[in-house]
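# Coordinates in review
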Amino acid sequence: MLSIVIKMLFGERVKVLGLVFGVAFATLLVAQQAGLFVGLMTRSQNVIADAQDVDIWVMDPAVEYVDLIRPMRDTELFRVRGVPGVAWAVPLFKAATSVKTPDGRTKSALLLGVDDATLTGVSPRVLMGSIFDLRRPDAIAIDRVGYMQLWPGEPLRLGQTLDLNDRRAVIALITDAAPAFSAQVIIHTRYSQALAYVPTGRNQLSFILAKAVPGADAADVARAIASRTGLNAMTAQEFSSRTIRYYLKHTGIPISFATTILLGIVVGSAIVGLTFNMFVTDNLPQYAMLKVIGVSNARLIGLVLLQAAVVGLIGYAIGIGLAALFFEYACTPTSALRGFNLPWWIATGVAATITLLILLSTLTSLGRVLLAQPAMLFWTKR
Amino acid sequence: MSDALTTPRDAAIACRRLVKDLGRGKFRARVLHEVDVDVYAGEMTLLVGPSGCGKTTLISTIAGILKPESGSVQLFGTAIDKLSRRQLTRFRGNNVGLVLQQLNLFAALTAVENVAVPLLVLRHGAEVAYARAASLLEGLGLVAKTHKYPAELSVGEQQRVAIARAIVHQPRLVICDEPTAALDAASGRLVMQLLRATTLNKDRAVLVVTHDHRIFPFADRIIHMDDGRIGTIDSNLNREAA
């Protein structure tokens, strides 16, 4: 009986195409937009995530998120180091700037100055060179995508020079640093070197990165730092969440994505709902005939839901497949869209959304199926 | 010649004081007025009468598709008006085969698949269902058409497929609504011969609603209806096909 019902479904090729298109469209739009949104939110806190082995971020109390810098006095570093429970604390300089190649190609850049002694905060994913080469004069680390944007089509090569605020910078290290929210190029260098590249005012220290002693709770240590120094201190996880919350609350990004996602659901629902309704309406005599033949209402509901499920499954497979292809081919590790992907939980969430969409669309039509009276067959004359 | 009514137990169909209204509000009208009628197994009974006299309403009520306002309908001793909707659907699936004027073949299914549907609905295995459907179609001279879709069949062939679908599960009652209305005289005659030959046996009753005088010679009994009431009943007719 199931194969018969499936054949009846595919007998209406145009409507099936419409249904599959509606589901695939909604799936693609929702999955792609959700993936991009999550990727963008992840990007907003990548600087925090990339600073591995750091438990606590300390900053000026006015700082609300990682991209807002209010420099502290350098002496704050020593105050933090003096707080019980702190294993070590190092400075981090963070500034937005621009870089220029000798042939004049210019890109925006995120400059991160890490502790001269320990180099804590440099991306751990090194593609070329040694991290210790950053100790050489004018040495900088550049991320692979930034390098490819500055020297498109050229192979990665150490020793290339850049102009950074009229000062010479030599590429000593190429990393696979996680992409930043807005900057095209990510540069790591020593703290002292960074200050030379981007002159600042009296206060220069953007963040203090700290580690809790073994066995101590990082949140407790962060609270101790805050209470003893008057600075703002939080765990890396808390700072990540706070940064994401800031972007969610203070930018139009969530509204923009939510609108597109909602549009995908609404348009998809409209296409699926209307087409399924047409499908059901056109097939009412057939449903009535099935009732005449002895199919109960409950079984008929099951059969209609099966038809909807088949359409939903095919549409979802096509839509999620297209979304996966987008992330696979458009968001390669070397492209500007790197880091954007389609996590399993988005695919699952979209599946749940599409299931709901199909169910709602089907339920609106099921009433007509249930009310389809076999008697209509007697009064429908040829 | 008018029959005396038998007891319900003897009749394949026994309707007693059957009342049915159609329409709503001020458009509500009584279509069946306390109808008493019996139909017997082993006979082909024709239900005839002018348009709007209630023939279709009567067979719809007999098939359990419409529920009467009052009165009773017994099919082979089962009071179908007492059955729940679910029981009635199951009873109809097992015991009633319908051939409608609008054949309502499933357009996406081949002839053999169309015929197999009632067996599949009754949860027979697909292999058995298709084998029995194919064998029945072969018996109806459609062996070359088993895998054709309804759109690829002539009206007469479609009619035969519809008949096959109505009887494939061996129901005890076959009801046909105007089976020859869209056919020319020769085709109509052929369909009636086929109906008699394939559907009629001592355990099965066949009830045919028709306007078509040309098929009266095929009847064992003819029930005349007028204005929602049973008129004369002609019995023990000479059957052309017999």
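For the structure given in this document, a descriptive report is provided here. Everything numeric here is computed off the predicted structure, so don't read it as measured data. (Residues numbered from 1 in each chain as written. Chains lettered and ligands numbered in written order. Predicted model: local features only at pLDDT ≥ 70, side-chain atom pairs only at ≥ 80, totals over all residues. Heavy atoms only, no water.)

### A closer look at the sheet that holds strand E9 (residues 221-226) of chain B
Residues and elements named next belong to chain B. As a reminder, the rule being used: Each pair of strands is called paired provided DSSP finds at least two bridges between the two strands. Comment: elements are numbered from the N terminus, with helices defined as DSSP H or I runs of at least four residues and strands as E runs of at least two. Fitted lines through C-alpha atoms serve as axes, helices being fitted only where they are in contact, and the angles separating the N-to-C directions of these axes extend from 0 to 180 degrees. The contact definition used throughout considers only heavy atoms, calling two residues in contact when any of these lie within 4.5 Å.
Here six strands make up an open sheet; going across it, the order is E6-E7-E8-E3-E9-E10 and the pairing mixed. Of all the strands in the sheet, just strand E6 (96-99) and strand E10 (229-234) have a single pairing partner and so form its edges. When the angles between neighbouring strand axes are averaged without regard to direction, this sheet yields 20 degrees. Two strands pair when backbone bridges link them, and E6 and strand E7 (residues 173-177) are joined in this way by four bridges, in the parallel orientation. From the neighbouring strand, Gly97 faces E7, where its bridge partner is Val174. Running over the sheet, helix H5 (residues 155-167) touches E6 and E7 and is turned about 170 degrees from E6.

### Regarding the pairing of strand E3 (residues 106-114) of chain A
All names here are of chain A. Defined as follows: Remark: exposure states derive from per-residue accessible area (1.4 Å probe, protein chains only) relative to the maximum for the residue type, with buried under 20%, exposed over 50%, and partly exposed in between.
Across the nine residues that make up E3, a large majority, seven, are buried. Two strands pair when backbone bridges link them, and strand E2 (residues 86-100) and E3 are joined in this way by nine bridges, in the antiparallel orientation. Bridge assignment links Leu92 to a residue of E3, and that residue is Val114. In this antiparallel pair of consecutive strands, E2 and E3, the connection spans five residues, and Gly104 shows a positive phi of 95 degrees. Bridge analysis of E3 against strand E8 (residues 185-190) gives six bridges, and the strand direction is parallel.

### Some remarks on a nonpolar patch on the surface
All names here are of chain A. To keep it simple, the criterion reads: Only residues whose relative accessible area exceeds 30% and that form no salt bridge are eligible for patches; like-charged ones are grouped when within 9 Å, while nonpolar side chains (Val, Leu, Ile, Met, Phe, Trp, Tyr) are grouped when within 5 Å. For the accessible areas, the method is Shrake-Rupley and the probe is 1.4 Å, while residue cover comes only from the protein chains on display. One speaks of a salt bridge when a side-chain nitrogen belonging to Lys or Arg is within 4 Å of a carboxyl oxygen belonging to Asp or Glu.
Taken together, the side chains of Phe10, Ile314, Ile318, Leu322, Leu325 and Tyr329 define a hydrophobic patch exposed on the protein surface, amounting to about 560 Å² of accessible area. Tallying contributions element by element places helix H11 (residues 297-330) first for the nonpolar patch, with five residues. Within the secondary structure layout, Tyr329 lies in helix H11. The exposure class assigned to Tyr329 is exposed, which follows from its relative accessible area of 63%.

### Details of the sheet that holds strand E2 (residues 29-39) of chain B
Residue and element names in this part refer to chain B. The four strands are arranged E2-E1-E4-E5 in an open sheet whose pairing can be described as antiparallel. For this open sheet the edge positions go to E2 and strand E5 (78-79), each flanked by a neighbour on one side alone. Judged from the seven bridges that link them, strand E1 (residues 13-22) and E2 form a sheet pairing that is antiparallel. Counterpart to Asp21 in the pairing with E2 is Arg30. Running at roughly 120 degrees to E1, helix H1 (residues 55-62) makes contact with E1, E2 and strand E4 (70-75) of the sheet.

### A closer look at the interface of chain B and chain A
Heads up, the rule is: N or O atoms closer than or at 3.5 Å make up a polar contact, with two conditions inside protein: a donor-capable atom paired with an acceptor-capable one, and, for residues adjacent in sequence, both atoms drawn from side chains.
Taken together, the contacts link 36 residues of chain B with 27 residues of chain A. For the salt bridge of Lys7(A) with Glu113(B), the shortest nitrogen-to-oxygen distance reads 2.9 Å. Remark: the boundary between chain B and chain A carries six residue pairs in polar contact (both at pLDDT 80 or more). Counting only elements with at least two residues in the side of chain B that touches chain A, the list comes to H1, helix H2 (85-95), helix H3 (111-121) and H5 of chain B.

### Some remarks on the pattern of salt bridges
Residue and element names in this part refer to chain B. Enumeration according to the criterion identifies 25 salt bridges over all chains in this entry. A salt bridge links Arg16 to Asp38; its shortest N-O distance comes to 2.9 Å. Here the residue Arg16 occupies a position in strand E1, and Asp38 occupies one in strand E2, the gap between them amounting to 22 residues. Judged by its relative accessible area of 2%, Asp38 falls in the buried class. Look at the salt bridges and you will find they share partners, linking Lys20, Asp21, Arg28, Arg30 and Glu69 into a network.

### Notes on the packing of helix H9 (residues 253-282) of chain A against helix H10 (residues 284-293) of chain A
Residue and element names in this part refer to chain A. For clarity, the cut-off: When an angle is under 35 degrees it counts as roughly parallel; over 145 it counts as roughly antiparallel; between 65 and 115 it counts as roughly perpendicular; any other value is oblique. The nonpolar class holds Ala, Val, Leu, Ile, Met, Phe, Trp, Tyr, Cys and Pro. Asp, Glu, Lys and Arg form the charged class, and all remaining residues, Gly among them, are polar.
It is the contact of H9 with H10, at a shortest axis distance of 4 Å, that shows an interaxial angle of 55 degrees. For the element pair H9 / H10, the angle class is oblique. Every residue of H10 that contacts H9 at Phe279, Val280, Thr281 and Asp282 is listed here: Leu284, Pro285 and Tyr287. Split into classes, the residues belonging to the contact of H9 with H10 amount to five nonpolar, one polar and one charged.

### Considerations on the packing of H10(A) against H11(A)
All names here are of chain A. Selection rule: Here a crossing is taken to be left-handed if its near helix is turned anticlockwise relative to the far helix by less than a right angle, and right-handed if that turn runs clockwise.
In the contact formed by H10 and H11, the axes pass within 10 Å of each other and the chain directions differ by 140 degrees. Relative to H11, the element H10 lies oblique. You can see that H10 and H11 cross each other, and the crossing is right-handed. For the pair formed by H10 and H11, the contact residues are Tyr287, Leu290 and Lys291 on the first element and Asn297, Leu300, Val304 and Gln307 on the second. In terms of residue class, the contact of H10 with H11 is made up of four nonpolar, two polar and one charged.

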